[in-house]
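# Structure at a glance
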Amino acid sequence: MKSTLRGLMFVAASASLAACLSTPAIALADDTPNPCDALKRIVAAAPDGFTSLRPDDGKAVARPYGHDAHCAVKAGAYSCTWTNEGANAGSAADALQGVAADIAACLPDATHDQNSPGRQHFYIGARGQRTQITAMTSGAGKLTLAVSGK
(Lines give C-alpha, C1' and ligand atoms only; values in the text may rest on other atoms or scores of the structure.)
Protein backbone atom coordinates (compact mmCIF):
# COMPACT_ATOMS: atom_id res chain seq x y z
CA MET A 1 0.00 0.00 0.00
CA LYS A 2 2.81 2.42 0.94
CA SER A 3 4.69 1.72 -2.28
CA THR A 4 1.52 2.27 -4.34
CA LEU A 5 0.87 5.58 -2.59
CA ARG A 6 4.48 6.67 -3.10
CA GLY A 7 4.24 5.69 -6.76
CA LEU A 8 1.09 7.74 -7.23
CA MET A 9 2.67 10.73 -5.47
CA PHE A 10 5.74 10.43 -7.74
CA VAL A 11 3.56 10.27 -10.88
CA ALA A 12 1.53 13.31 -9.74
CA ALA A 13 4.66 15.30 -8.90
CA SER A 14 6.25 14.38 -12.24
CA ALA A 15 3.12 15.44 -14.13
CA SER A 16 3.04 18.76 -12.28
CA LEU A 17 6.70 19.39 -13.04
CA ALA A 18 6.20 18.52 -16.71
CA ALA A 19 3.24 20.90 -16.92
CA CYS A 20 5.27 23.70 -15.37
CA LEU A 21 8.19 23.15 -17.71
CA SER A 22 6.01 23.09 -20.82
CA THR A 23 4.05 26.23 -19.89
CA PRO A 24 5.22 29.42 -21.67
CA ALA A 25 7.25 31.79 -19.54
CA ILE A 26 5.19 34.08 -17.36
CA ALA A 27 6.45 37.57 -16.55
CA LEU A 28 7.04 37.96 -12.84
CA ALA A 29 7.81 41.04 -10.79
CA ASP A 30 11.43 39.93 -10.66
CA ASP A 31 11.60 40.12 -14.48
CA THR A 32 11.44 43.93 -14.51
CA PRO A 33 14.59 45.60 -15.74
CA ASN A 34 17.04 46.38 -12.99
CA PRO A 35 18.17 50.02 -12.62
CA CYS A 36 21.61 48.88 -11.41
CA ASP A 37 22.21 46.71 -14.45
CA ALA A 38 21.19 49.59 -16.71
CA LEU A 39 23.41 52.12 -14.93
CA LYS A 40 26.40 49.77 -15.05
CA ARG A 41 25.83 49.06 -18.77
CA ILE A 42 25.58 52.79 -19.55
CA VAL A 43 28.73 53.69 -17.62
CA ALA A 44 30.64 50.77 -19.16
CA ALA A 45 29.73 52.09 -22.64
CA ALA A 46 31.19 55.56 -21.98
CA PRO A 47 34.70 54.83 -23.33
CA ASP A 48 33.32 53.84 -26.75
CA GLY A 49 31.09 56.93 -26.97
CA PHE A 50 28.00 54.89 -26.04
CA THR A 51 27.93 53.32 -29.50
CA SER A 52 27.05 49.92 -28.00
CA LEU A 53 23.85 51.26 -26.39
CA ARG A 54 20.31 51.34 -27.70
CA PRO A 55 17.77 53.95 -26.61
CA ASP A 56 15.89 51.38 -24.51
CA ASP A 57 18.97 50.51 -22.44
CA GLY A 58 18.39 53.41 -20.05
CA LYS A 59 14.68 52.98 -19.51
CA ALA A 60 15.24 50.70 -16.50
CA VAL A 61 16.85 53.60 -14.64
CA ALA A 62 13.62 55.57 -14.97
CA ARG A 63 11.26 52.64 -14.37
CA PRO A 64 10.84 53.14 -10.59
CA TYR A 65 9.87 56.78 -11.20
CA GLY A 66 8.14 56.93 -14.58
CA HIS A 67 7.30 54.87 -17.66
CA ASP A 68 7.74 57.36 -20.49
CA ALA A 69 11.52 57.54 -20.63
CA HIS A 70 13.03 58.78 -23.87
CA CYS A 71 16.72 57.94 -24.15
CA ALA A 72 19.25 58.74 -26.85
CA VAL A 73 22.94 59.02 -27.65
CA LYS A 74 23.95 62.49 -28.79
CA ALA A 75 27.35 64.13 -29.10
CA GLY A 76 29.20 61.57 -26.97
CA ALA A 77 26.59 61.50 -24.18
CA TYR A 78 23.73 59.22 -23.26
CA SER A 79 20.64 60.85 -21.79
CA CYS A 80 17.17 59.86 -20.67
CA THR A 81 14.28 62.16 -19.77
CA TRP A 82 11.04 61.02 -18.18
CA THR A 83 8.01 62.28 -16.28
CA ASN A 84 7.85 61.51 -12.57
CA GLU A 85 4.66 59.49 -12.08
CA GLY A 86 2.96 56.54 -10.43
CA ALA A 87 3.45 55.48 -6.82
CA ASN A 88 6.56 57.65 -6.57
CA ALA A 89 4.90 60.78 -7.96
CA GLY A 90 5.88 63.06 -5.13
CA SER A 91 7.90 66.10 -6.01
CA ALA A 92 10.50 65.89 -8.73
CA ALA A 93 13.10 66.81 -6.10
CA ASP A 94 12.11 63.73 -4.07
CA ALA A 95 12.34 61.51 -7.15
CA LEU A 96 15.71 63.07 -7.93
CA GLN A 97 16.94 62.04 -4.48
CA GLY A 98 15.76 58.50 -5.28
CA VAL A 99 17.65 58.45 -8.57
CA ALA A 100 20.78 59.72 -6.77
CA ALA A 101 20.39 56.98 -4.15
CA ASP A 102 20.16 54.40 -6.97
CA ILE A 103 23.32 55.77 -8.58
CA ALA A 104 25.21 55.73 -5.26
CA ALA A 105 24.07 52.20 -4.44
CA CYS A 106 24.66 50.76 -7.92
CA LEU A 107 27.97 52.48 -8.63
CA PRO A 108 29.94 52.38 -5.37
CA ASP A 109 33.09 53.69 -7.11
CA ALA A 110 31.31 56.90 -8.10
CA THR A 111 32.17 60.12 -6.28
CA HIS A 112 29.13 62.21 -5.41
CA ASP A 113 30.35 65.80 -5.68
CA GLN A 114 27.13 67.80 -6.00
CA ASN A 115 23.89 67.36 -4.07
CA SER A 116 21.29 70.06 -4.59
CA PRO A 117 17.47 69.97 -4.85
CA GLY A 118 17.63 70.26 -8.64
CA ARG A 119 20.88 68.50 -9.55
CA GLN A 120 22.92 65.50 -8.47
CA HIS A 121 26.36 64.95 -9.95
CA PHE A 122 28.71 61.96 -9.75
CA TYR A 123 31.89 60.99 -11.53
CA ILE A 124 33.91 57.83 -11.97
CA GLY A 125 37.56 57.65 -12.93
CA ALA A 126 40.67 59.76 -12.87
CA ARG A 127 40.77 63.34 -14.11
CA GLY A 128 40.94 63.37 -17.91
CA GLN A 129 39.26 59.95 -18.12
CA ARG A 130 36.15 60.60 -16.08
CA THR A 131 32.66 59.47 -16.74
CA GLN A 132 30.24 62.17 -15.59
CA ILE A 133 26.80 61.18 -14.31
CA THR A 134 24.24 63.93 -13.80
CA ALA A 135 20.66 63.55 -12.65
CA MET A 136 18.53 66.69 -12.63
CA THR A 137 15.03 68.03 -12.63
CA SER A 138 14.03 69.48 -15.98
CA GLY A 139 10.72 71.24 -16.00
CA ALA A 140 7.49 70.45 -14.23
CA GLY A 141 7.74 66.89 -12.97
CA LYS A 142 10.47 65.86 -15.44
CA LEU A 143 13.79 64.23 -14.64
CA THR A 144 16.87 63.80 -16.79
CA LEU A 145 19.82 61.45 -16.45
CA ALA A 146 22.85 62.38 -18.52
CA VAL A 147 26.06 60.33 -18.72
CA SER A 148 29.10 61.53 -20.60
CA GLY A 149 32.65 60.32 -20.79
CA LYS A 150 35.98 60.61 -22.51
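Values in this document were obtained by computation on a predicted structure and should not be read as measured data.

## Topic: the nonpolar core
- Grouped together as the largest cluster of nonpolar side chains are 33 residues, with contacts concentrated most on Phe-50, Trp-82, Ile-103, Leu-107, Ile-133 and Leu-145.
- Top contributing element to this core by residue count: helix α4 (residues 92–106), with 7 residues.
- Setting aside anything within four residues of it in sequence, one finds Trp-82 in contact with Ala-62, Tyr-65, Gly-66, Asp-68, Ala-69, Val-99, Gly-141, Lys-142, Leu-143 and Leu-145.

## Overview of the packing of helix α2 (residues 35–44) against α4
- Where α2 contacts α4, the two axes come as close as 10 Å, and the packing angle between them is 70 degrees. By the angle between their directions, the pair α2 and α4 is classed as roughly perpendicular. On α4, the residues touching Pro-35, Cys-36, Leu-39 and Lys-40 of α2 are Asp-102, Ile-103 and Cys-106.
- The residue inventory of the contact of α2 with α4, partitioned by class, reads 5 nonpolar, no polar and 2 charged.

## Here's the deal with α2
- Of all the positions in α2, only Pro-35, Ala-38, Leu-39, Ile-42 and Val-43 are classed as buried. In a view along the axis of α2, the buried residues occupy a sector of 125 degrees, so they form one face of it.
- The inward-facing, buried residues of α2 contact α3 (59–62), β2 (77–83), α4, β4 (119–124), β5 (131–137) and β6 (142–149).
- A side-chain oxygen of the first residue of α2 lies 2.6 Å from the backbone nitrogen of Cys-36; this N-cap is Asn-34.

## Remarks on α4
- A rise of 1.5 Å per residue sets the reference length of α4, with its 15 residues, at 21 Å; its end C-alpha atoms lie 21 Å apart and thus fit the reference within 8%.
- Regarding α4, the residues found buried are Ala-92, Ala-95, Leu-96, Gly-98, Val-99, Ala-100, Ile-103 and Cys-106.
- Where the residues of α4 are buried, they touch α2, β2, β3 (111–116), β4, β5 and β6.

## Overview of the pairing of β3
- In the sheet, β3 pairs with β4 via 5 bridges, with the strands oriented antiparallel. Bridge pairing links Gln-114 to His-121 in β4.
- Hairpin remark: β3 followed by β4, antiparallel, with 2 residues in the connecting loop.

## Here's the deal with the pairing of β6
- Both β2 and β6 contribute to a ladder of 7 bridges, which runs antiparallel. Directly across from Trp-82, in β6, lies its bridge partner Leu-143.
- As paired strands, β5 and β6 are joined by 7 bridges and run antiparallel to one another. Looking at the pairing, Met-136 lines up with Thr-144 of β6.
- The turn linking β5 back onto β6 is made up of 4 residues, and Gly-139 within it adopts a positive phi angle of 90 degrees.

Calculation criteria
Residues numbered from 1 in each chain as written. Predicted model: local features only at pLDDT ≥ 70, side-chain atom pairs only at ≥ 80, totals over all residues. Heavy atoms only, no water. Core = buried A, V, L, I, M, F, W, Y, C linked by side-chain atoms within 4.5 Å. Buried < 20%, exposed > 50% of the residue type's maximum accessible area, 1.4 Å probe, protein only. Helix = DSSP H or I, 4+ residues; strand = E, 2+ residues; numbered from the N terminus. Contact = heavy atoms within 4.5 Å. Axes fitted to C-alpha atoms, helices over the stretch in contact; angles between N-to-C directions. Parallel < 35°, antiparallel > 145°, perpendicular 65-115°, else oblique. Nonpolar A, V, L, I, M, F, W, Y, C, P; charged D, E, K, R; others polar. Arc of directions from axis to C-beta. Polar contact = N/O pair within 3.5 Å; in protein donor to acceptor, adjacent residues only side chain to side chain. Expected span 1.5 Å × (residues − 1). Pairing = 2+ DSSP bridges.

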